[in-house]
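Secondary and tertiary structure notes
One-letter residues, chain by chain:
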Amino acid sequence: MSDLPRRSLIAAGGLVLAAPRTALAAPGKPRVVIKTPRGSIIVELEPRKAPLTTANFLRYVDARSYDGGTFFRAARTPGVPKDGTIVGAPDAKVRPFPPIAHESTTGTGLKHLNGTISLGRFAPGTATSNFFICVGDQPYLDANPKAAGDNLGYAAFGQVVQGMPIVEKILSLPTNGETKFKDQRGQWLKPPVPILTMRRA
C-alpha cells in the first residue's frame, strides 16, 4: 500500500445531500441507520451494483457486530479540512467474518463522492468490517487502472441519504488520539465517537 499514501490503511478514508425525513428508500435498496450520541446517519446501499460488499456489510449489521463499535478515525484532506473521511468499525473484541473479494469501482460504476460509504481494506481481498464515509468528493479512492502498483481503489457500496451534518461534525472533532500507524498520526479521534446501534431501516 506504499503507493497509496493518503488511502493506506483505511481498513485500520452526483453530489449527495442529506435527504428529507420523508424520503423513501429506492426499490431494492436497503437502508441502515447508524445511531450515535451525536445523531443518526442513514445510508442507502447498492446491492445490484455492489452485491458482495453490500451483503457483507449487512451481515455485520444483522449480527449486531457494529453495536458498541466506534468511529475512531477522521482523516481530513490536507489543505481542505472540511473534506476527508471518517472510519467506523466494530469493537475490537468482535470476531470478523472471512474477508471478501474486492469489488472495484471500475466494475460497479460507483464513485467516491460526497456521502459515499465504502469498505476499508489493506490488500485487495482482505476487507472485512471497517467502513468509511466520504465528506466531499474523493476520486483518489476510486480504482485507476492506469496507475502503478495497487490501483484497484476501494469498494464503494452506498450513499448517505440523511445525517451528513453528523458525518461532517465527526470529521471536525479532535484527532490527537494515539495510533501505531505513522501515516495516521493526527487522524485518530480522541475520544472516538460511539456507534450505539446499526439496524436496517
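Residues numbered from 1 in each chain as written. Predicted model: local features only at pLDDT ≥ 70, side-chain atom pairs only at ≥ 80, totals over all residues. Heavy atoms only, no water.

Identification of the protein as peptidylprolyl isomerase from Phenylobacterium haematophilum is taken from an unreviewed UniProt entry.

1. Some thoughts on the overall build of the protein
Looking only at helices and strands, the protein features three helices and nine strands. Along the protein, helices and strands appear, N-terminal first, in the series β-β-α-β-β-α-β-β-β-α-β-β. When the 201 residues of the protein are sorted by exposure, 51% land in the buried category. Working note: accessible area of the protein is about 9500 Å², and carbon and sulfur atoms make up 58% of it. (Helix = DSSP H or I, 4+ residues; strand = E, 2+ residues; numbered from the N terminus. Buried < 20%, exposed > 50% of the residue type's maximum accessible area, 1.4 Å probe, protein only. Areas by Shrake-Rupley, 256 points an atom, 1.4 Å probe, with all protein chains shown as cover.)

2. Structural notes on the side chain of Thr-175
Within the secondary structure layout, Thr-175 lies in the loop between α3 (164-171) and β8 (188-194). Note on Thr-175: relative accessible area 10%, which makes it buried. In terms of polar contacts, Thr-175 uses its side chain to reach the side chain of Arg-76, at 2.7 Å. Leave out the neighbours within four places in its chain, and Thr-175 touches Ala-74, Arg-76, Gly-186, Gln-187, Trp-188 and Leu-189. (Polar contact = N/O pair within 3.5 Å; in protein donor to acceptor, adjacent residues only side chain to side chain. Contact = heavy atoms within 4.5 Å.)

3. Regarding the pairing of strand β1 (residues 31-36)
As defined by bridge partners, β1 adjoins strand β2 (residues 39-45) across six bridges and the pair is classed as antiparallel. Paired with Val-32 across the two strands is Val-43, which belongs to β2. Counting the residues between successive antiparallel strands, the hairpin from β1 to β2 contains two residues. Relative to strand β9 (residues 197-200), β1 runs antiparallel, the two sharing four bridges. Note that in β9 the partner of Val-33 across the bridge is Arg-199. (Pairing = 2+ DSSP bridges.)

4. Focus on the sheet that holds β2
Taking strand neighbours across the sheet as the criterion, the nine strands line up as β8-β3-β4-β6-β5-β7-β2-β1-β9 in an open arrangement whose pairing is antiparallel. Strand pairing shows two members of the sheet lacking a second neighbour, β8 and β9, which therefore form its edges. Neighbour-to-neighbour, the strand axes of this sheet turn through a mean angle of 30 degrees, independent of strand direction. The sheet strands contacting helix α1 (residues 51-62) are β1, β2, β5 (116-119), β6 (131-135), β7 (155-162) and β9, and the helix crosses β9 at an angle near 120 degrees. Contacts from α3 reach β1, β2, β3 (70-77), β4 (80-89), β6, β7 and β8 within the one sheet, and its direction differs from that of β4 by about 100 degrees. (Axes fitted to C-alpha atoms, helices over the stretch in contact; angles between N-to-C directions.)

5. Observations regarding the packing of aromatic side chains
Tallying each qualifying case throughout the model produces nine aromatic pairs. Ring geometry for Phe-71 against Phe-131: centres 5.7 Å apart, planes inclined by 80 degrees, an arrangement best described as edge-to-face. Of this pair, Phe-71 sits in strand β3 while Phe-131 is found in strand β6, placing the two residues 60 residues apart along the sequence. Like Phe-71, the residue Phe-131 is buried in the burial classification. (Phe/Tyr/Trp six-rings, centres within 6.5 Å; stacked < 30°, edge-to-face > 60°.)

6. Looking at the nonpolar core
Phe-57, Phe-71 and Phe-131 are the most contacted members of the largest nonpolar core, which totals 36 residues. A total of five residues in this core trace back to one element, the largest contributor, which is α3. Counting nine residues, the second-largest nonpolar core is a separate cluster that includes Val-87, Ala-89, Phe-132 and Tyr-154. (Core = buried A, V, L, I, M, F, W, Y, C linked by side-chain atoms within 4.5 Å.)

7. Observations concerning α3
The set of residues buried in α3 consists of Met-164, Ile-166, Val-167, Ile-170 and Leu-171. The buried residues of α3 occupy an angular sector of 155 degrees when projected down its axis, which confines them to one face. (Arc of directions from axis to C-beta.)

8. Some details on the confidence of the model for the protein
Averaged over every residue, the pLDDT of the protein is 89; residues scoring 70 or more account for 88%. Confidence drops under a pLDDT of 50 for residues 1-22, and excluding neighbours within four residues, the segment shows 76 contacts in the predicted structure. (pLDDT = per-residue confidence, 0-100.)

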